[in-house]
Amino acid sequence: MSALTLVIGNRNYSSWSLRPWVLLKHLGLQFREVLIPLDTPTTKDEMEKYGPSGRVPVLLDGELCVWDSLAICEYAAELAGRGWPHEPQARAVARSVCAEMHSGFANLRMEWPMNARARHRRTVSTPGLEADIDRVDEIWNECRRRFGAGGPWLFGEYSIADAMYAPVVLRFNTYGARISETARWYMATTLEDSILQSWLAAAKVEPWTLAQSEVG
Ligand SMILES: N[C@@H](CCC(=O)N[C@@H](CS)C(=O)NCC(=O)O)C(=O)O
């Protein structure tokens, strides 16, 4: 295996970058990191140097370029030989909740942009946002109830599903989502994770502020 390079955006705001970063760390994969600040005059040109979509995250492995968060997580799991639940039914549900996160929750993403270091932000509640929060709560409860016996994560052991929902935990923490006890417990598990904490510590000292993501 050649050396891996993960290209990411600002730690404070780039939710798509956080997902593969936290997974690669959990899987114990070594990688070099390139950070491209979002929303500067050179952002697009810089991103196009690494991947064809002009977006981050991008994973480079020698000649190979993987340019989407979920595809990177899948590839990392193949390299590490773990990352999905072992049992086929659990794995199928894990893939479903990851795909749902990857393609859905438009209101949550739009109305509560990830702002990792911000606390006590409050926004006007909308039916779309409430529905997204309720659905996340339902997913976390269901995964924990059916598959969580072997550990503190959604499927017991840490999996791609936890990486995919890590930015949602940060959003709930920033904007104060009202959620069930099980969901709060899962949030605490995620927020106490030392790997996530190292991402948050670096986010805290980043010099950039993106006005469009400073909400509430
Ligand atoms: N579906 C893509 C979405 C990637 C994406 O939208 N990334 C944002 C940063 S979080 C980006 O690169 N935006 C380009 C820009 O801000 O110029 C994925 O899952 O990787």
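Residues numbered from 1 in each chain as written. Predicted model: local features only at pLDDT ≥ 70, side-chain atom pairs only at ≥ 80, totals over all residues. Heavy atoms only, no water.

Draft legend 1. Geometry of the site of the ligand. Around the ligand, the surrounding shell consists of Ser14, Trp16, Leu38, Thr43, Met47, Arg55, Val56, Pro57, Asp68, Ser69 and His102. Between a nitrogen atom of the ligand and a side-chain N or O atom of Asp68, the distance comes to 3.2 Å. In isolation the ligand exposes 520 Å². Once the protein is present, 74% of that is buried. Among the cavities detected, the one that contains the ligand is the largest pocket. Of the residues that constitute the shell around the ligand, the class distribution is 5 nonpolar, 4 polar and 2 charged. (Near = heavy atom within 4 Å. Polar contact = N/O pair within 3.5 Å; in protein donor to acceptor, adjacent residues only side chain to side chain. Areas by Shrake-Rupley, 256 points an atom, 1.4 Å probe, with all protein chains shown as cover. 1 Å grid on protein atoms, 1.4 Å probe; cavity = no way out; pocket = protein on both sides within 12 Å on 5 of 7 lines; lining within 4 Å. Sits in = over half its atoms within 2 Å of the grid points. Nonpolar A, V, L, I, M, F, W, Y, C, P; charged D, E, K, R; others polar.)

Draft legend 2. Region of interest: the domain arrangement of the protein. Each assigned domain of the protein is listed here: domain 1 (4-81) and domain 2 (88-200). Put simply, the middle of domain 1 and the middle of domain 2, counted by C-alpha atoms, are 21 Å apart. Each partner contributes to the interface: domain 1 provides 22 residues, whereas domain 2 provides 24 residues. Across the domain 1 to domain 2 interface the summed buried area is about 2100 Å²; carbon plus sulfur atoms make up 69%. Interface area lost by domain 1 to domain 2 is led by Asn12, Leu18 and Arg19, which between them contribute 30%. (Domains from an automatic or database assignment. Contact = heavy atoms within 4.5 Å. Buried area = accessible area lost by both parts, 1.4 Å probe.)

Draft legend 3. Here's a closer look at the packing of helix 1 (residues 15-27) against helix 7 (residues 160-175). Where helix 1 contacts helix 7, the two axes come as close as 8 Å, and the packing angle between them is 135°. Taken together, the axis directions place helix 1 and helix 7 in an arrangement best described as oblique. Helix 1 and helix 7 meet at a crossing whose hand is right-handed. Across from Ser15, Trp16, Leu18, Arg19, Val22 and Leu23 in helix 1, the residues of helix 7 making contact are Ile160, Ala163, Met164, Ala166, Pro167, Leu170 and Arg171. (Axes fitted to C-alpha atoms, helices over the stretch in contact; angles between N-to-C directions. Helix = DSSP H or I, 4+ residues; strand = E, 2+ residues; numbered from the N terminus. Parallel < 35°, antiparallel > 145°, perpendicular 65-115°, else oblique. Left-handed = near helix turned anticlockwise from the far one by under 90°.)

Draft legend 4. Quick peek at unusual backbone geometry. Following Val56, the chain continues to Pro57 via a peptide bond in cis, the omega torsion being 10°. Mapping Pro57 onto the fold places it in the loop between helix 2 (43-48) and strand 3 (58-61). Positive phi outside glycine occurs at Phe105, with the angle close to 55°. Tracing the backbone shows Phe105 in the loop between helix 4 (88-103) and helix 5 (106-111). Even without being a glycine, His120 presents a positive backbone phi close to 60°.

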